[in-house]
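Chain by chain, the residues run as shown.
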Amino acid sequence: MGIDNGGTSTKVAIYDLAGIEVEKCTIYTKVLTPYKYWTERDMEELKKVNFRAIREVLVKSNINPKDIIGISVTGHGNGLYLIGEDGNIVRNGIISTDNRAHDIVEKWLSNEEYETQVRPRTYATIWSSQPASLLRWLDQNEPDVYSKTKYVFMITDLIRYWLTNEPGFEISNASGSSLFNQDTEDYDEKVFTFFGIEKWMNKMPELIASSDKAGEITKEVSEETGLAQGTPVAGGLMDISASALSTGLIKHNQLSIVTGTWSINQYIDSEISVVKDLFMTTDYPIRGEHLLTEASPTSGSNLTWFVETFLKDHSKLLEITENKDDIYEYCSKLVGTVQPWESNLIFYPFIFGSNSGVTNSTAGFIGVTKSTTIAEFINAIYEGVCYAHKAHVEKLMKINENVLNSPIRIAGGITNSEVWLQMFADVFQRPLELVNVKENGALGTSMAAGVMSGAFSDFKTATENMVEISRTIYTNSELAEVYEAKYKLYKKAVIDQTKVWNDIENTQLIKPTKEKVI
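The shown structure was predicted, so the numbers you read here are calculated from the model rather than taken from an experiment.

Rules of the game
- Starting from 1, residues in each chain are numbered consecutively following that chain's sequence as written.
- Given that the model is predicted, a residue must reach a pLDDT of at least 70 before its local features are reported, and side-chain atom pairs must reach 80 or more before they are shown or counted; all residues, however, enter totals for whole chains, interfaces and linings.
- The side-chain figures draw on all heavy atoms in the structure; neither hydrogens nor water molecules are used.
- The classification of residues rests on relative accessible area computed with a 1.4 Å probe and restricted to protein chains. Under 20% of the type maximum is buried, over 50% is exposed, and intermediate values are partly exposed.
- Where helices and strands are cited, they refer to DSSP runs of H or I of at least four residues and of E of at least two residues respectively, numbered from the N terminus.
- Strand pairing is assigned whenever DSSP detects at least two bridges linking the two strands.
- A 3.5 Å cut-off defines polar contacts: any pair of N or O atoms within that distance qualifies, except that in protein one atom must be a possible hydrogen donor and the other a possible acceptor, and neighbouring residues in sequence count only when both atoms are side-chain atoms.
- We call a set of buried Ala, Val, Leu, Ile, Met, Phe, Trp, Tyr and Cys residues a nonpolar core when their side-chain atoms join them within 4.5 Å.
- Whether two residues are in contact is decided by their heavy atoms: any pair within 4.5 Å suffices.
- Note on method: axes are straight lines fitted to C-alpha atoms, helices fitted across the in-contact stretch only, with angles between N-to-C directions ranging 0 to 180 degrees.
- Relative orientations are named as follows: roughly parallel for angles under 35 degrees, roughly antiparallel for angles over 145 degrees, roughly perpendicular for angles from 65 to 115 degrees, and oblique for any other angle.
- Rotating anticlockwise by less than a right angle from the far helix to the near helix defines a left-handed crossing, while the corresponding clockwise rotation defines a right-handed one.

Remarks on the pairing of strand β1 (residues 2-5)
Residues of β1 alternate between two faces, with Gly2 and Asp4 on one and Ile3 and Asn5 on the opposite face, all of them buried. Bridge count for β1 against strand β5 (residues 72-75) is four bridges, and the pairing is parallel. Each residue of the ladder has a partner; that of Gly2, found in β5, is Ser72. Direction of pairing for β1 relative to strand β2 (residues 9-15): antiparallel, over a ladder of four bridges. Considered in β2, the bridge of Asn5 is made with Thr10. Counting the residues in the hairpin turn of β1 and β2 gives three residues.

Okay, structure coming up:
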């Protein structure tokens, strides 16, 4: 069983040892945005949703819970979930799209000591929704939280704790937290000190590996979920590692792209070095390998935002689709009516965050006229997501130019759209290999349960057994020049917008003290 908690949903899936999905259940959770830049969740709701999803998948699968040889958890990287004495919830959980600490991060990144003291230890760039940033923000704004906290968790560790009542901090998650030394494979006191959060080291749980047995299903959880008491639970994985495994990422020249809320672009290597501005270098579950990742929340969820904001009442629109419930099918049909050379409309997909290098950058369309159609708006979103991914991959290619020497392994939400898949292939001018999987995180983390239980000797063997390439999307070379020209427009629009974003951030609008009298 693999359990995957993303930013907006909980997914539980059961697989056989060939990677075939036996059954799955998805339940959505509310994202709380009480203030600008905040994204939180109610942890009581989160616990109930996880237990409910487990119950439902067991009922739907009609299998004997005792036949489940192991359970593993994954979830969004970083964010922050705090637990007090006796398992009490300290405050709302903080999701990985939170940006409240961006001012703190800007000060750290502008400090020359960050480059000499921190990056050579963490091999990563600090960002606003990592535990270090959020703990510092809490010290400044909610100082009473420290005394109430017993354990600092990320979401993988939190769910595993609820299942087993055993605390731990999983290593692939820890290595991406900017609190972890990639050379010593441990927490780094000097890094904690630089961030001004050294006292929080007392709240950090013991580190555990992905395939370690981290505990067993308790009697109470068994009664609530239907799982068999004593079922072993693995350490688990950060979602980017789980997603990489689910695409079969086991060779150094492979590029894995996962689309969803986050644009995830990554490859593995046994050799790592300090690279300024590289998003993240983390421990990969395959021994001796590291996962080099460029990522930001700039992917397919931008389309979800557009649909929910502008196409909310879409009952009439669905009349033209074959699937009466699928507004996204309608969007792809519209995009299919726009030829790449017909529209110069640019969209930068920064609704939930950006990869522009400017922390206060926001989303927007450039090039709108009175004749711009809804099809062109949606087409621009599709293209903008492709370009955001490409910007990340270009950074990876500066480190390893061989990452595009083979077809791209692609997975995630956009694979449900043939139009979007073809656009990705044409923008990158590389074939795309599709993996036969619907829930990347759940499949990838289930491999940790397989290794823990002894079903597989290691993660490479698990991947070879559980990952299947279903088909390949080939490129249209005639569109290479068109998309390259549009990509250059996109990059220029992002650069030119920097001053505007700064002006928007720094302009304070004052409400009039008196109403205007007419």
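Quick word on the environment of Thr498
Assignment of secondary structure puts Thr498 in helix α18 (residues 498-506). Residue classification places Thr498 among the partly exposed residues on the basis of a relative accessible area of 26%. C-alpha separation for the pair Thr498 and Ser356, spaced 142 residues apart in sequence, amounts to 8.6 Å. Of the polar contacts made by the side chain of Thr498, one reaches the backbone oxygen of Ile495; its length is 3.0 Å.

Details of the nonpolar core
Ranked by internal contacts, the top residues of the largest apolar core, which has 55 residues, are Ile378, Trp420, Phe424, Leu432 and Tyr490. The greatest single-element share of this core, amounting to 12 residues, is contributed by helix α13 (residues 374-399). Those residues in contact with Ile378 that sit more than four places away from it in its chain are Leu303, Phe306, Leu311, Cys331, Leu334 and Val335. If you look at the next biggest cluster of nonpolar residues, it comprises 35 residues, including Ile94, Val145, Tyr187 and Trp200.

Section: the sheet that holds strand β18 (residues 280-283)
On the basis of which strands lie adjacent, the open sheet formed by seven strands has the order β18-β19-β17-β16-β22-β23-β24 and mixed pairing. Pairing within the sheet leaves two strands with one partner each, and these edge strands are β18 and β24 (469-473). Neighbouring strand axes in the sheet, compared pairwise and without regard to direction, differ in orientation by 30° on average.

Topic: the packing of helix α15 (residues 440-453) against helix α16 (residues 459-466)
At a closest axis distance of 9 Å, the pairing of α15 and α16 adopts a crossing angle of 125°. Accordingly, the angle class assigned to the pair α15 and α16 is oblique. The hand of the α15/α16 crossing is right-handed. Facing α15, whose interface residues are Leu443, Ser446, Met447, Ala448 and Val451, α16 presents Phe459, Ala462, Thr463 and Met466.

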